[in-house]
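Residue-level structure breakdown
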Amino acid sequence: MTPELIGALSIAVLLALLALGVPIAAVLGLVGFTGLALLTSIEAATIKAGVVGWETISRYELGVLPLFLLMAHLCFTAGASRDFFDAAAKLLGHRRGGLATASIAGCAGFGAISGSSLATAATVGLVALPEMRKRGYAPSLSTGSIAAGGTLGSLIPPSGALIVYGMIAEQPISKLFAAALVPVATQALLYIAVIILLCRRNPALGPVSERVPWRERFASLGRIADIAVLIVLVIGGLTVGWFTPTEAASIGSVLAMLLCARRGKLTIPALRRALAETLRTAGVIYAIIIGAIVFSVFLGATGLASHLTALVIDANLDAKAAAAVIVVVLLLLGSVLDGMALMLLTVPIFLPMMVGLGMSPIWFGIFVVRTIELGLVHPPLGMNVYIIQGIAKDVPLGTIFRGVLPFLAADMLHIALLILVPATALWLPGVLA
Amino acid sequence: MSLPPPDDFGEERAPQPLPTGLTGVAVALGSVALLVAMATDALAVLGRHFGFPLLGALELVQASVSVAGACAIVCASAAGAHAVIHAVLDRVSPASRAVLAPAGQLLGAAFFLVLAVGCGWIAWDLRAAAEATDLLGIPLAPLRLFATFALIFTATLFVRTAARRA
Amino acid sequence: PDAPTVLRYATPYTAGHPLSRADQQWIAHVERISGGRLRIQPSWAGGLISSEHNLVELRHGVVDVATISPIYTRGGTHAIRLQAGFYGGEQSIDDQVAVYRCLQASFPRLGQELAGLVPMEVQGGNVLGIVTRTRPVRRLEDLRGLRLRVPGELVPLLRRLGADPLDMPMADVYPAMAKGVIDGVVAPADTLKALHFAEVARFYNQLRIARGAYPARAISEDSLRRLPPDLERLLLDSRIVWERAVASEFKQAEQVGIDYARGLGMTFVQPDPVAQQRLDALYLAEAAQAAANADHGLPGQAMLRVAQDTLRRLRSGSRPPCAGPAL
Ligand code: NA
Ligand code: NA
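Along each chain, the written sequence defines residue order, and numbers are assigned to residues from 1. The order in which chains are written sets their letters, starting at A; the order in which ligands are written sets their numbers, starting at 1. In keeping with the predicted nature of the model, local features appear solely for residues at pLDDT of at least 70, side-chain atom pairs appear and are counted solely at 80 or more, and the whole-chain, interface and lining totals rest on all residues. Think of the side-chain values as coming from all heavy atoms in the structure, minus any hydrogens and water.

Chain B appears in an unreviewed UniProt entry as TRAP transporter small permease protein from Sphingomonas guangdongensis. UniProt positions are given in the numbering used here, feature names are shortened, and annotations may be inferred rather than shown by experiment. Recorded in UniProt for chain B, the comment headed Function (unreviewed entry) runs: "Part of the tripartite ATP-independent periplasmic (TRAP) transport system." Of chain B, the UniProt comment under Sequence similarities (unreviewed entry) reads exactly: "Belongs to the TRAP transporter small permease family."

Looking at an unreviewed UniProt entry, chain A carries the name TRAP transporter large permease protein, with the source organism given as Sphingomonas guangdongensis. Here chain A is described in UniProt, under the heading Subcellular location (unreviewed entry), as follows: "Cell inner membrane".

Below, the structure is given as structure tokens:
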């Protein structure tokens, strides 16, 4: 068997095992392990799995994930998330899908703290899902909007993905950050448009509450003043350089703990519960990440990705057609590889080709990060969707993927816009230069 | 983690008993580790601004999150919280389910066992390496062993669930 | 003819990285010289080899040949790490590699730490300078109070100079400098472009901080022994090609970094000569102390003597035989 054939077969086995109800992390990890053992040896595959497992839980960069989750659970303990959505309900609840819109805004806000889609989806999901459910939102709309909204986190600066791209492509990171702003704003607006359209067609998806008088709205805003201070301190501290993005998780947790104390909710049992739930959520996410990386390492070793990219290069297309084909290739690979691996594998190959066709490397960075992050939500595999499923366990995966579909349609529209009007990315850095 | 039923939320939720036994130990250790990581990172930031730099804070955070991470995997598995696709499982006959459900759990056990063997093998390889962090000299061998035992324990949790569902 | 023997090579760097370009030169050389009997299948940045556990992975056959980083491994490579601080006075990558070769010839411990592996390339690096955001460093006093990200082994030296050294992940350095979380970073000039430091800092201070060499590519012994004797020989002979390719790519990357930074208007600061002398003396004093305090049963002082002796002989123009061919 050639490595490429092993790679193709493994994907079929992967899908079958997933459908049969084997835990997602175990499917990814075991198929990756078996494939790697076929390509190398059982000994080598075992060692590699051990390395991936250990590095995932011990790396500082990933270690901040549970701290972000702790922040979310502490906000929950403080009743802050309830108050936040109460305020959102009073302000927007009389509009269709108002809370889903508030969640998109929450994702954008959290995305400005965190560099990662996963952390964004997990944290905002923890806070927002129960609140939307309490107010009668359909699970498909609530989970779908957060899975999609989470992808905002990887484009809004600080963006881990853009930093890595800048290093591979040798492009100024400040320019990439500036270039991301207009696309990310249009992306968020498109998501909000999707929510409004969905709720107009089927009002039962996001029930409307009664319009409340302004006095009550202000009162609800008053109750979240301390939350607003927390958010301003974290984002502000990052902006003026009091701490780094990775340190923001700890600072945020400490502030959330102070919030609990201020509201008289910081009891030992409450703290223990918040910590236990943080660990449980983090364990689900770690297991999926470990499985996904083992699988990704194996697929990288099969050379499947380089084959697909070679096909594109051989086709000799013009810039826009080539971009469209790259979208298809990235979406195909994105259904089986994790985002970082995908970027490391394909950018060095596609970038020179697109630059040769006259496209700007800054534009390509936004385009490629934008497209790769779609892989986090599209079926059959999507890390954000798995994470949301880990949080909202009783919502079937099919429902979440169905909920994501309308957002995916918006994503495709957005990417088409990015390809046809490169100025959406290039205008702002040009103005700032 | 499951969502609470729609009428029962957040701090109003009926308190569930915290896990006991080895899982309880994992929860306690993981909680302490999380708090240590959080406090260390936050103190390092404060120290930087108020002139008492805590060199090596990053190493302590790293060591703590590795303990927290290992405990997290135990906690998630003890709670049966791992993400699963139910589409087919919910539609097959009870007889088929009686085969599929435990089989899935056994594969879960196999996955964590592979991780445990790999992790333990590396620890064994490095047993004489005196592996320690640069600035604080925190030894890594105990941390690797801890992760290995946590993963082995996780595998037994899956086997136990499989036996219960068979 | 028989199908070619395939060796799998993995590196954490992407295909376009200067180090990977050197790898490609080596691959092309080996495949050509073997007349097609040897094929190297590279894996760039695919995560096949870890940047932290590469020694263990290579020993267990995850791949046949790999980029290794014994200098960043936190256990089992104490001698290789210790000797990296003994290069005070080196003037070039050639110096660095020569010193390592001589140390390797005198101290079997360096080889034992890589048991199961055969080094394929000894690698030095571009000299370290100090990147600072807002103020130049001409005298050592200018370092006082500067919050600098430095490699772990330089922490004692920088502390002695009154700086405020700290450790943070390399990926955090750019945003930290952009926001003023730190005042600068100790790094070679190639990072001005590769890691974009020139975008967020105004000064590159050319106070030279010496850099050590270490084995950075290796083949697993099992994979090497499985080859027919002539191919084994061919691989061992190809080591110098790899070393030269890496050194020349480093030099190019350094120039690219400098040109890029100049284009952005970065100021290159020449240090006061007295400051450089004092820094070199302090560096050697630190080395002497590290050598005297060496644990794990390492002959620290003897190693320091051999390193400095080799450098002295290179300076006086009498290249010792242990230094091997020049790069
Ligand atoms: Na972000
Ligand atoms: Na996907």
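Focus on the nonpolar core
Residues belong to one nonpolar core when they are buried, are Ala, Val, Leu, Ile, Met, Phe, Trp, Tyr or Cys, and are joined through side-chain atoms within 4.5 Å. Per-residue accessibility, obtained with a 1.4 Å probe over protein chains only, is compared with the maximum for each type, and a residue is labelled buried under 20%, exposed over 50%, and partly exposed between these values. One finds A:W363, A:F364, A:F367, C:L192 and C:L235 to be the most contacted residues of the largest nonpolar core, which totals 319 residues. Apart from residues no more than four positions distant in its own chain, A:F367 is found in contact with A:A323, A:I326, A:V327, A:I415, A:L418 and A:I419. By size, the runner-up hydrophobic cluster in this structure holds 6 residues, among which are A:I47, A:V51, B:I122 and B:A129. Between two residues, a contact is recorded if the distance between any of their heavy atoms is within 4.5 Å.

Some details on empty space enclosed by the protein
Method remark: on a 1 Å grid restricted to protein atoms, a set of points is classed as a cavity if a 1.4 Å probe fits but cannot get out and as a pocket if it is open with protein on both sides within 12 Å along at least five of seven lines; lining residues have an atom within 4 Å of a point. Grid points are joined across faces, edges and corners, and a volume is the space filled by probe spheres set on the points. Taken as a whole and judged by the stated rule, the model has 7 cavities of 30 Å³ or more. Volume-wise, the largest cavity comes out at about 240 Å³. Forming the walls of the largest cavity are 20 residues, and the residues nearest its centre are A:E247, B:A44, B:R48, C:L166 and C:D167. Counting only elements with at least two residues in the lining of the largest cavity, the list comes to α13 (245-262) of chain A, α1 (21-50) and α2 (57-78) of chain B together with β7 (164-166) of chain C. The way it works is that DSSP assigns letters per residue, a run of H or I at least four long becomes a helix, a run of E at least two long becomes a strand, and they are numbered from the N terminus. Per-element accounting of the lining of the largest cavity gives the leading share, 4 residues, to α1(B). Split into classes, the residues belonging to the lining of the largest cavity amount to 11 nonpolar, 3 polar and 6 charged. Here the term charged refers only to Asp, Glu, Lys and Arg, the term nonpolar to Ala, Val, Leu, Ile, Met, Phe, Trp, Tyr, Cys and Pro, and the term polar to all other amino acids, Gly among them.

Quick look at the packing of aromatic side chains
All names here are of chain A. Put simply, two rings from Phe, Tyr or Trp (the six-membered ring, in Trp's case) pair if the centres are within 6.5 Å, and we call them stacked under 30 degrees between planes, edge-to-face over 60, tilted for the rest. On inspection of all chains with the given rule, the structure shows 14 aromatic pairs over all chains. Ring centres of W214 and F218 lie 5.8 Å apart, and the angle between their planes is 40 degrees; this geometry places the pair in the tilted category. Taken together, the positions of W214 and F218, both in helix α11 (residues 214-223) and 4 residues apart, correspond to about one turn of that helix. Pairwise contacts between aromatic rings join Y165, W363, F364 and F367 into one cluster.

Topic: the UniProt feature "transmembrane region" (unreviewed entry) in chain B
Mapped onto this numbering, the UniProt entry annotates "transmembrane region" (unreviewed entry) at residues 21-40, 60-85, 106-124 and 136-159 of chain B. As annotated, residues 60-85 of chain B comprises 73% helix and 0% strand, and the C-alpha atoms at either end are separated by 37 Å.

Looking at the confidence of the model for chain B
All names here are of chain B. Summarising the model, chain B shows a mean pLDDT of 85, and 89% of its residues fall at 70 or more. The score called pLDDT rates the predictor's confidence residue by residue, from a low of 0 to a high of 100. This model gives residues 1-15 a pLDDT under 50, and the stretch forms 37 contacts once residues within four places in sequence are excluded. ipTM for the predicted complex: 0.91, alongside a pTM of 0.86.

Considerations on the side chain of B:R48
Of note, B:R48 is situated in helix α1. According to the relative accessible area criterion, B:R48 is buried, its value standing at 10%. B:R48 has contacts with A:W242, A:F243, A:T244, A:E247, C:R147, C:L166 and C:V181, leaving out every residue within four places of it along the chain.

Structural notes on the interface of chain A and chain B
Put simply, an interface is often sized by how much accessible area is lost when its parts join up. Taken together, the contacts link 74 residues of chain A with 66 residues of chain B. Taken together, both faces of the contact between chain A and chain B bury some 6200 Å²; the carbon and sulfur share is 74%. What makes a salt bridge here is a side-chain nitrogen of Lys or Arg within 4 Å of a carboxyl oxygen of Asp or Glu, nothing more. Here chain A is connected to chain B by 1 salt bridge. Note that A:E247 and B:R48 form a salt bridge whose closest N and O atoms lie 2.8 Å from each other. As used in this structure description, the phrase polar contact means that two N or O atoms lie within 3.5 Å; if the pair is within protein, one of them must be able to donate a hydrogen and the other to accept it, and residues adjacent in sequence are counted only when both atoms belong to side chains. The interface formed by chain A and chain B holds 4 residue pairs in polar contact (both at pLDDT 80 or more) in total. Taken together, the elements giving at least two residues each to the side of chain A that touches chain B come down to α1 (3-19), α2 (24-39), α3 (42-58), α4 (60-77), α7 (117-134), α13, α14 (268-302) and α19 (383-391) of chain A. When residues of the side of chain A that touches chain B are assigned to their parent elements, the largest contribution, 17 residues, is made by α14(A). Considering only residue class, the side of chain A that touches chain B consists of 41 nonpolar, 20 polar and 13 charged. The term buried area refers to how much accessible surface (probe radius 1.4 Å) is lost by two components on association, counted for both of them together.

Quick word on the pairing of strand β10 (residues 214-220) of chain C
Residues and elements named next belong to chain C. Buried residues dominate β10, accounting for 7 of its 7 residues. In this description, strands pair whenever DSSP reports at least two bridges between them. Note that strand β3 (residues 65-67) and β10 share 3 bridges and pair antiparallel. Each bridged residue has a counterpart across the sheet, and for V65 the counterpart in β10 is I219. Two strands pair when backbone bridges link them, and strand β4 (residues 117-123) and β10 are joined in this way by 6 bridges, in the antiparallel orientation. Residue pairing across strands places P119 opposite A218, the latter belonging to β10.

Topic: the sheet that holds strand β1 (residues 5-11) of chain C
Residues and elements named next belong to chain C. Read across the sheet, 5 strands follow the order β2-β1-β3-β10-β4 without closing on themselves; strand pairing throughout is mixed. The two strands at the open ends of the sheet, each matched to only one other strand, are β2 (38-44) and β4. The average undirected angle you get between the axes of adjacent strands in this sheet is 25 degrees. The sheet strands contacting helix α1 (residues 18-33) are β1, β2, β3, β4 and β10, and the helix crosses β2 at an angle near 165 degrees. In this fold helix α12 (residues 239-263) packs onto β1, β3, β4 and β10, with an angle of close to 35 degrees to the strand it touches most, β4. Interaxial angles span 0 to 180 degrees and are taken between N-to-C directions of axes, which are lines fitted to C-alpha atoms, for helices over the stretch in contact.

Points about the layout of surface pockets
Put simply, the second largest pocket is a space of about 670 Å³. Lining the second largest pocket are 32 residues, and of these A:G300, A:A301, A:G303, C:Q41 and C:P42 lie nearest its centre. For the lining of the second largest pocket, the secondary-structure elements that each account for two or more residues are α1, α2, α14, α15 (304-314) and α17 (339-356) of chain A together with β1 and β2 of chain C. Residue contributions to the lining of the second largest pocket peak at 5 residues, all from β2(C). Taken together, the residues of the lining of the second largest pocket sort by class into 18 nonpolar, 10 polar and 4 charged.

Here's the deal with unusual backbone geometry
Although it is not a glycine, B:A130 sits at a positive phi angle of roughly 50 degrees. Mapped onto the fold, B:A130 is located in the loop between α3 (94-125) and α4 (141-165). Note on B:A130: relative accessible area 39%, which makes it partly exposed. One non-glycine residue, C:H296, lies in positive phi territory at about 55 degrees.

Remarks on the interface of chain B and chain C
Contacts between the two partners involve 19 residues from chain B, matched on the other side by 19 residues from chain C. Carbon and sulfur atoms supply 57% of the area buried between chain B and chain C, which totals about 1600 Å² over both sides. Ranking the residues of chain B by area buried against chain C places B:R48, B:L55 and B:L58 at the top, with a combined share of 33%. The tally of links between chain B and chain C comes to 1 salt bridge. Linking chain B with chain C are 7 residue pairs in polar contact (both at pLDDT 80 or more). Listed by contribution, the elements that provide at least two residues to the side of chain B that touches chain C are α2 and α3 of chain B.

Points about a nonpolar patch on the surface
Together, B:L43, B:L46, B:F50, B:F52 and B:L54 give the surface a local cluster of nonpolar side chains, amounting to about 490 Å² of exposed area. The class of B:F50 is exposed, set by a relative accessible area of 63%. Here the term patch refers to residues with relative accessible area over 30% and no salt bridge, with like charges joined within 9 Å and nonpolar side chains (Val, Leu, Ile, Met, Phe, Trp, Tyr) within 5 Å. In these tables, accessible area is a Shrake-Rupley quantity obtained with a 1.4 Å probe, and a residue counts as shielded only by the protein chains included in the view.

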